[in-house]
Amino acid sequence: MNKTKVLVVDDEVQCASTLAERLQLRGYDAKSVFCAEDTFAIVKSEPPDEILLDLKMPGMSGTEILMTISTFAPDIYVILLTGHIDVEKEIEGLSLYNFDYIMKPIDIKELIQKMENAVKQRKGLENRYGI
């Protein structure tokens, strides 16, 4: 069985690194990056199955990164990470994209459940369409 490849994107280096380590301990193939440019480079060279993406990033926001990724890798599932209660305003209009969100501080059990749901959804589409 292949490990689910996860890319953690957060400008807070400690947060991204720690989350990637916690996922590795749970059997995921997880890496962390800290900016939009590195995210795009990895998505193009070795696409992950899922991306955990901070909503508030300097330069491009998480929603802008999500929209950009969807233009060249629409099958990657993205979970937006946010510490802001008013997240609905920020993700309004993103219903066409393949994503979910979770509040910080991150409950690892809730995050794993969302990630597993994404894997099930992807496997269901693969089975349905013979991908």
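Data block above holds the structure.
Here we summarise the structure given alongside this text. All residue numbers here refer to positions counted from 1 along the written sequence of the relevant chain. A pLDDT threshold of at least 70 governs which residues receive local features in this predicted model, and a stricter bar of 80 or more applies before side-chain atom pairs are shown or counted, although totals over entire chains, interfaces and linings include all residues. Working from all heavy atoms in the structure, the side-chain values ignore hydrogens and water.

Below, the discussion takes up the overall build of the protein chain. In terms of helices and strands, the protein chain carries five helices and five strands. The helix count covers DSSP runs of H or I at least four residues long, the strand count covers runs of E at least two residues long, and both are numbered beginning at the N terminus. Traced from its N-terminal end to its C-terminal end, the protein chain shows the element sequence β-α-β-α-β-α-β-α-β-α. Residues counted as buried form 40% of the 131 residues belonging to the protein chain. Every residue pair with non-hydrogen atoms within 4.5 Å of one another is taken to be in contact. Put simply, of all contacts in the protein chain between residues at least 6 apart along the chain, 62% involve residues at least 24 apart. Here's how the labels work: a residue is buried when its accessible area is under 20% of the maximum for its type, exposed when over 50%, partly exposed in between, all with a 1.4 Å probe on protein chains only.

A few words on the sheet that holds strand E3 (residues 50–54). Strand pairing requires that DSSP identify at least two bridges connecting the strands. The strand order E2-E1-E3-E4-E5 describes an open sheet built from five strands, whose pairing is parallel. Unpaired on one side and paired on the other, strand E2 (29–33) and strand E5 (99–103) mark the two borders of the sheet. When the angles between neighbouring strand axes are averaged without regard to direction, this sheet yields 20°. When strand E4 (residues 77–82) meets E5, the two strands line up parallel, connected through five bridges. Along E5, the bridge assignment pairs Thr82 with Met103. A fitted line through C-alpha atoms serves as each axis, taken over the contacting stretch for helices, and the angle formed by two N-to-C directions is quoted from 0 to 180°. Across the sheet, helix H1 (residues 13–25) is in contact with strand E1 (5–9), E2, E3 and E4; its angle to E2 comes to roughly 175°. Those strands touched by helix H3 (residues 62–72) are E3, E4 and E5, and its axis lies near 150° from that of E3.

Attention now moves to the packing of aromatic side chains. The description of an aromatic ring pair rests on the distance of the ring centres and on the angle between the ring planes. Two rings from Phe, Tyr or Trp (for Trp, the six-membered ring) form a pair when their centres are within 6.5 Å of each other. A pair whose planes differ by under 30 degrees is stacked, one over 60 is edge-to-face, and the rest are tilted. One pass over the structure, following the stated rule, counts one aromatic pair. Aromatic side chains Phe40 and Phe72 sit 6.2 Å apart centroid to centroid with 75° between the ring planes, which places their arrangement in the edge-to-face category. Of this pair, Phe40 sits in helix H2 (residues 36–45) while Phe72 sits in helix H3; the two residues are 32 residues apart in sequence, bridging distant segments of the chain. Overall, Phe40 belongs to the buried group, its relative accessible area being 14%. The ring of Phe72 carries Lys44 above its face, with NZ or CZ at 5.0 Å from the centroid. Comment: the charge-over-ring label is applied if NZ (Lys) or CZ (Arg) is within 6 Å of the ring centre and within 35 degrees of the ring normal.

Attention shifts here to the pairing of E3. Of all five residues that make up E3, five are buried, and the element is covered over most of its length. Here E3 shows two buried faces, one formed by Glu50, Leu52 and Asp54 and the other by Ile51 and Leu53. The sheet contact formed by E3 and E4 spans five bridges and is parallel. Counterpart to Glu50 in the pairing with E4 is Tyr77.

With that settled, consider unusual backbone geometry. Excluding glycine, most residues fall at negative phi; most peptide bonds, likewise, are trans. Residues Lys104 and Pro105 are joined by a peptide bond in cis, for which omega reads -5°. Among the structural elements, Pro105 can be located in the loop between E5 and helix H5 (108–129).

It is worth spelling out the packing of H2 against H3 at this point. At a closest axis distance of 11 Å, the pairing of H2 and H3 adopts a crossing angle of 20°. Relative to H3, the element H2 lies roughly parallel. In terms of crossing hand, the pair formed by H2 and H3 is right-handed. Across the interface between the two elements, Ala36, Thr39, Phe40, Val43 and Lys44 from H2 touch Ile65, Thr68, Ile69 and Phe72 from H3. Residues are grouped as follows: nonpolar covers Ala, Val, Leu, Ile, Met, Phe, Trp, Tyr, Cys and Pro; charged covers Asp, Glu, Lys and Arg; every other residue, Gly included, is treated as polar. Counted by class, the contact of H2 with H3 contains six nonpolar, two polar and one charged residues. With respect to orientation, any angle under 35 degrees is reported as roughly parallel, any angle over 145 as roughly antiparallel, any angle of 65 to 115 as roughly perpendicular, and every other angle as oblique. Handedness of each helix crossing follows the sense of rotation of the near helix against the far helix: counterclockwise by less than a right angle gives left-handed, clockwise gives right-handed.

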